[in-house]
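Next come the chains, spelled out residue by residue.
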Amino acid sequence: MRILSFIIWPLVLYLIGLFSTESPNTTTESPHGKDFKISCSTCHSSKGWSLDKEIYAFDHSKTKMPLLGSHKDLNCKLCHSSLVFSEAKAKTECVSCHTDIHNQSVGKYCDKCHTPDSWIVSNVTGIHQQSRFPLLGVHTMTECQQCHKSETLHRYDVLGIECFDCHRDKYLATSSPNHNTANFSTDCSQCHYIYSYEWASSGFNHDFFPLTLGHANVACSKCHPNNNFSNISTECVSCHLTDYNSTTHPVHSGGCFSTNCTVCHTTNPGWTPTSFDHQNYFPISSGNHSGFACNACHTNPANCTFSCIDCHEHSQSETNNQHNGVGGYSYLSTACYNCHPNGSGGGKHFRK
Ligand code: HEC
Ligand code: HEC
Ligand code: HEC
Ligand code: HEC
Ligand code: HEC
Ligand code: HEC
Ligand code: HEC
Ligand code: HEC
Ligand code: HEC
Ligand code: HEC
Ligand code: HEC
Ligand code: HEC
Ligand code: HEC
C-alpha cells in the first residue's frame, strides 16, 4: 500500500497540475526544498511549472540580495543553480559569484569600486582619493601602468606610496644640488610641487620659508652661500643685522626697536610700510607733540627712555604751580607720562 501511494500520489498531483485551470498549489511536490513557504502562485500559473513572468510577484528585494542593474533580468538559474533557492543564501558577496579578475590586489570587496550596473569604473581618481595615495597634479596625467607595473593589466599593486619608492633613481642622480650629499629628506614633497611637471625651478617649493615680496627675486646663493642649505636661520635679524644697525630713519639700535623685526615689518621692499604705530604709545602725528624729531623725547640714543621735562617749555616752578593741590605730582618724566598718557591736559583726557 505504502509503495503504491508513493507511485500514485505524484502521478495524481501531476495530472491535477496538468489539467487544473486553477492556480497550482502546494499539493504538487515542490522542487524548492522542504522548508519552502512561498505560495506557488507567486511564480507559477496554470501555464505550467516554468516561471510565469506575467504573474511573477516575488519581491526579491526583501532578501539580502536585491536584484539591481544587470542582475535584474537574469535567468534565476544563473544564480540559483539548484531550485532550492535558499541554497544561495551564503552567496550575497560579489566575489562569491564573480571571479576576482584583480588577483587579490585590491581586496575582495568588489562593491567598493563596482556596482551591478557595469564593471566600468569611471572615477579612478575618486578611488585614489579614498586610498593612501590620492592622485594629484602630474600623477593624474600619468599612465596607470607607469605606477601599476604588474604583468597583468588588472592587478593594481604598486611599489609603495612614498615619493622615494618611485622616484629613488631621480633622487640618487641629482647633481644640482646633489641631494645625497646635502642630506635632503627623501620626502620630496617638502621641497617639490606635485603640481609641477618638472623638479627644478618652478617645480621647487620653498613654502617652508615663503619667498615673497622683497625675497621674491633674490638669488638662492644670497641666502645660501656655498650651496649651504642646512641650518639656515629663519630669524630676520640673522641676515639683516647690518641693516638694523645702520638704520637712521629712525635709529633702531639702542633698545627702542626690538630685533624681532616682524613686530613691525613684513618683507615689503624698502621696509615700509610698518605696522608700528606710535599713537599706541604717545600721540606724535597730530596735536601738541607733532612735528618733533624722535630724539626730542628719546634723548638717549643708547636706549628707549624718554624725557618730557628736558623740552617742556615751562620751567620747573611754573609746572609745579600748574599742579598745586594735585596729589601724587612729582617733577619726573615718567610721572608726567603716567598722568598725561596722551600728552593732553584739561582734565578730561587724564588717566583716572
Ligand atoms: C519564487 C518563485 C517560485 C515559487 C514561489 C515556486 N516556484 Fe516552482 N519554480 C520556480 C522557478 C524559477 C522554476 C524553474 C523554472 C524554469 O526553469 O523555467 C520552478 C520550477 C518548478 C517545477 C519544475 C521543476 C523542474 O525540474 O523543472 C515545479 C514542479 C515547481 N516549480 C513546483 C513548485 C511548487 C509546487 C511550488 C509551490 C510550493 C513552487 N514551485 C513555488 C519558481 C518558483
Ligand atoms: C544575481 C543573482 C540572483 C538572481 C538572478 C536571482 N537570485 Fe534569488 N537570490 C539570490 C541570492 C544571493 C539569494 C539569497 C539572499 C539572502 O541570503 O537573503 C536569493 C534568494 C532568493 C529567494 C529567497 C530564498 C530564501 O529561502 O530566503 C528566492 C525565493 C529567490 N531568490 C528567488 C529567485 C527567483 C525566482 C529568481 C528569478 C526570477 C531569482 N531569485 C534570481 C541571488 C539571485
Ligand atoms: C549570487 C551570485 C551573484 C552575486 C552575489 C553577484 N553577482 Fe553579479 N552577476 C551574477 C550573474 C550570474 C551575472 C550574469 C552573468 C555574468 O555576466 O557573469 C552577473 C552579472 C553582473 C554584471 C554584468 C556583467 C556584464 O558583463 O554585463 C556586473 C557588473 C555584476 N554582476 C556586478 C556585481 C557586483 C558589483 C556584485 C556585488 C555587489 C555582484 N555582481 C554580485 C551573479 C552574481
Ligand atoms: C579598489 C577598486 C576596485 C576593486 C575593489 C575591484 N575592482 Fe574591479 N576594477 C577596478 C578598476 C579601476 C577597473 C578598470 C575599470 C575600467 O577600465 O573602467 C576594474 C575592472 C574590473 C573588471 C573589468 C575588466 C575588463 O576586462 O575590463 C572586472 C570584471 C572587475 N573589475 C571585477 C572585479 C571583481 C570581481 C572585484 C572583487 C573581487 C573587483 N573588481 C574589485 C577597480 C576595482
Ligand atoms: C603616480 C602613480 C599612480 C598612477 C598614475 C595610478 N595609480 Fe593607482 N595607485 C597608486 C598607488 C601608490 C596605489 C596604492 C594606494 C594604497 O595602497 O592605498 C594605487 C592604488 C590603486 C587602486 C587600488 C585602490 C584601493 O583602494 O585599493 C586602483 C584600483 C588603482 N590604483 C587604479 C588605477 C588606475 C585605473 C589608474 C589609471 C587611470 C591608476 N591607478 C593610476 C599609484 C598610481
Ligand atoms: C607609485 C609611484 C609613485 C609615487 C609613490 C610618486 N610618484 Fe611622482 N611620478 C610617478 C610616475 C610614474 C611619474 C611620471 C614620470 C616618471 O616616469 O617619472 C611621476 C611624476 C612626478 C613628477 C613630474 C616630474 C617627472 O619626473 O615627470 C613629480 C614632480 C612627482 N612625480 C612628484 C612626486 C612626489 C612629490 C611624490 C610623493 C608625494 C611622488 N611623486 C610619488 C610615480 C610616483
Ligand atoms: C630639502 C629640499 C629638497 C628635497 C627634500 C628634495 N629636493 Fe630635489 N631639489 C631641491 C633643490 C633646491 C633643487 C634645485 C632646484 C632648482 O635648481 O631650481 C632640486 C632639484 C631636483 C631635481 C633636478 C636637479 C637635478 O640635479 O637633476 C630632481 C630630479 C630632484 N630634485 C628630485 C628630487 C627627488 C626625487 C626628491 C625626493 C626623493 C627630492 N628631490 C627631494 C631640493 C630638494
Ligand atoms: C631670502 C632668503 C632665501 C632665499 C632667497 C632662498 N632661501 Fe632657501 N632657505 C632660506 C631659509 C631661511 C631656509 C631655512 C628654512 C627653515 O629651516 O625652515 C631655507 C632653506 C632651504 C633649503 C633646505 C630645506 C630643508 O628642509 O633643509 C633648501 C633646499 C633651499 N632653501 C633651497 C633654496 C633654493 C633652491 C633657493 C633659490 C631658488 C632658495 N633656497 C632661496 C632662505 C632663502
Ligand atoms: C637667510 C637670510 C634672510 C633671512 C632669514 C631674511 N632675509 Fe630678508 N633678505 C635677505 C636677502 C639676501 C635680501 C636681498 C637684499 C639684500 O641683499 O639685503 C633680503 C631682502 C629683504 C627685504 C627687501 C629690502 C629692500 O631693500 O627692499 C626686506 C624688507 C626683508 N628682506 C625683510 C625680511 C624680514 C622681515 C625677515 C624676517 C621675516 C627677513 N627678511 C629674513 C635675506 C634674508
Ligand atoms: C618697533 C617697530 C620696529 C621694529 C621692531 C623694527 N623696525 Fe625697522 N623700522 C621701523 C619704522 C617705524 C621704520 C620707518 C618706516 C618708514 O620710514 O616709514 C623702520 C625702518 C626700517 C628700515 C629702513 C630705514 C631707512 O633708513 O630707510 C630698515 C632697514 C629697518 N627698519 C630694518 C629693521 C630690522 C632689520 C629690524 C629687525 C632686526 C627692524 N627694522 C625692527 C620700526 C621697526
Ligand atoms: C613727544 C615725545 C616723543 C616723540 C617726539 C617720539 N616719541 Fe617715541 N615714545 C614716546 C613715549 C612717551 C613713549 C612711551 C614709552 C613707554 O611706554 O615706555 C614712546 C615709545 C616709543 C617706542 C616704543 C618703545 C617700546 O616700549 O616698545 C618706539 C619704538 C618709539 N617711541 C620710537 C619713536 C620714534 C622712531 C620716534 C620718531 C619718529 C619717536 N618715538 C618720537 C615719546 C615720544
Ligand atoms: C619737544 C618738546 C616737548 C616734549 C619733549 C614734551 N612736550 Fe608736552 N608740550 C609741548 C608743547 C609745545 C606743548 C603745547 C604748549 C603747552 O601747552 O605748553 C605741550 C603740551 C603738553 C601738555 C598740555 C596739553 C594741553 O592740552 O594743554 C601736556 C599735559 C604735555 N605736554 C605733556 C607732556 C608729556 C607727558 C611729555 C613727555 C612724555 C611731554 N609733554 C613732552 C612740547 C613738548
Ligand atoms: C599726579 C598726576 C600728575 C602728574 C605727575 C603731572 N601732572 Fe600735569 N596735570 C595734572 C592735573 C590733574 C592737571 C590739571 C590741573 C587743573 O586743570 O587744575 C595737570 C595739568 C598740567 C598742565 C596744564 C594743562 C592745561 O590744560 O593747562 C600741563 C602743561 C601739565 N600738567 C604738564 C605736566 C608735566 C610736564 C608733568 C611732569 C613734569 C606733569 N604734568 C605731571 C596731573 C599730573
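Since the structure is predicted, the reported quantities are computational estimates derived from the model, not experimental observations.

**Observations concerning the overall build of the chain**
At step 1: Counting its secondary structure elements, the chain contains 12 helices and zero strands.
At step 2: For the chain, with 352 residues in total, the buried portion stands at 1%.
At step 3: Counting only contacts in the chain whose residues sit at least 6 apart along the sequence, the fraction spanning at least 24 positions is 41%.

**Overview of the site of ligand 10**
At step 1: For ligand 10, the set of nearby residues contains 22 residues, the closest of which are H240, Y244, C261, C264 and W271.
At step 2: Taken together, the residues of the shell around ligand 10 break down into 11 nonpolar, 10 polar and one charged.

**Observations concerning the site of ligand 13**
At step 1: Lining the immediate surroundings of ligand 13 are 19 residues, of which G328, A335, C336, C339 and G345 lie closest.
At step 2: Looking at the shell around ligand 13, the elements with two or more residues in it are α11 (316-322) and α12 (333-339).
At step 3: When residues in the shell around ligand 13 are grouped by element, the largest group, three residues, is from α12.
At step 4: The residue makeup of the shell around ligand 13, split by class, is nine nonpolar, 10 polar and no charged.

**Some details on the environment of C97**
At step 1: Tracing the chain through its elements places C97 in helix α3 (residues 94-97).
At step 2: According to the C-beta neighbour criterion, C97 is partly exposed, with 14 such atoms within 10 Å.
At step 3: For the pair formed by C97 and C79, sequence separation is 18 residues and the distance between their alpha carbons is 7.9 Å.
At step 4: Setting aside its immediate chain neighbours within four residues, C97 contacts C79 and K91.

**Notes on the environment of V138**
At step 1: Here V138 shows up in the loop between α4 (124-130) and α5 (144-147).
At step 2: It is 6.5 Å that separates the C-alpha atoms of V138 and S196, two residues lying 58 residues apart in sequence.
At step 3: Aside from chain neighbours lying at most four places away, what touches V138 is I194 and Y197.

**Some remarks on unusual backbone geometry**
At step 1: For the peptide bond that leads from S176 to P177, omega is -5°, which places it in the cis range.
At step 2: Position of P177 relative to the elements: it lies in the loop between α6 (163-173) and α7 (179-182).
At step 3: Between T272 and the following residue, P273, the backbone shows a cis peptide bond with an omega angle of -10°.
At step 4: You can see P273 is positioned in the loop between α9 (236-246) and α10 (294-297).

**Considering the confidence of the model for the chain**
At step 1: Per-chain confidence: the chain averages 85 in pLDDT, with 89% of residues scoring 70 or above.
At step 2: Counted against residues more than four places away or in other chains, residues 1-26, with its pLDDT under 50, gives 16 contacts.
At step 3: Taken as a whole, residues 347-352 scores under 50 in pLDDT and shows five contacts with residues more than four places along the chain or in a different chain.

**Side note on the environment of D310**
At step 1: Its location among the elements puts D310 in the loop between α10 and α11.
At step 2: Residues D310 and S333 lie 23 residues apart in sequence; the distance between their C-alpha atoms is 8.8 Å.

Conventions and cut-offs
- Residues numbered from 1 in each chain as written.
- Chains lettered and ligands numbered in written order.
- Predicted model: local features only at pLDDT ≥ 70, side-chain atom pairs only at ≥ 80, totals over all residues.
- Helix = DSSP H or I, 4+ residues; strand = E, 2+ residues; numbered from the N terminus.
- Buried ≥ 20, exposed ≤ 12 C-beta atoms within 10 Å, placed from the backbone.
- Contact = placed C-beta atoms within 7 Å.
- Near = placed C-beta within 6 Å.
- Nonpolar A, V, L, I, M, F, W, Y, C, P; charged D, E, K, R; others polar.
- pLDDT = per-residue confidence, 0-100.

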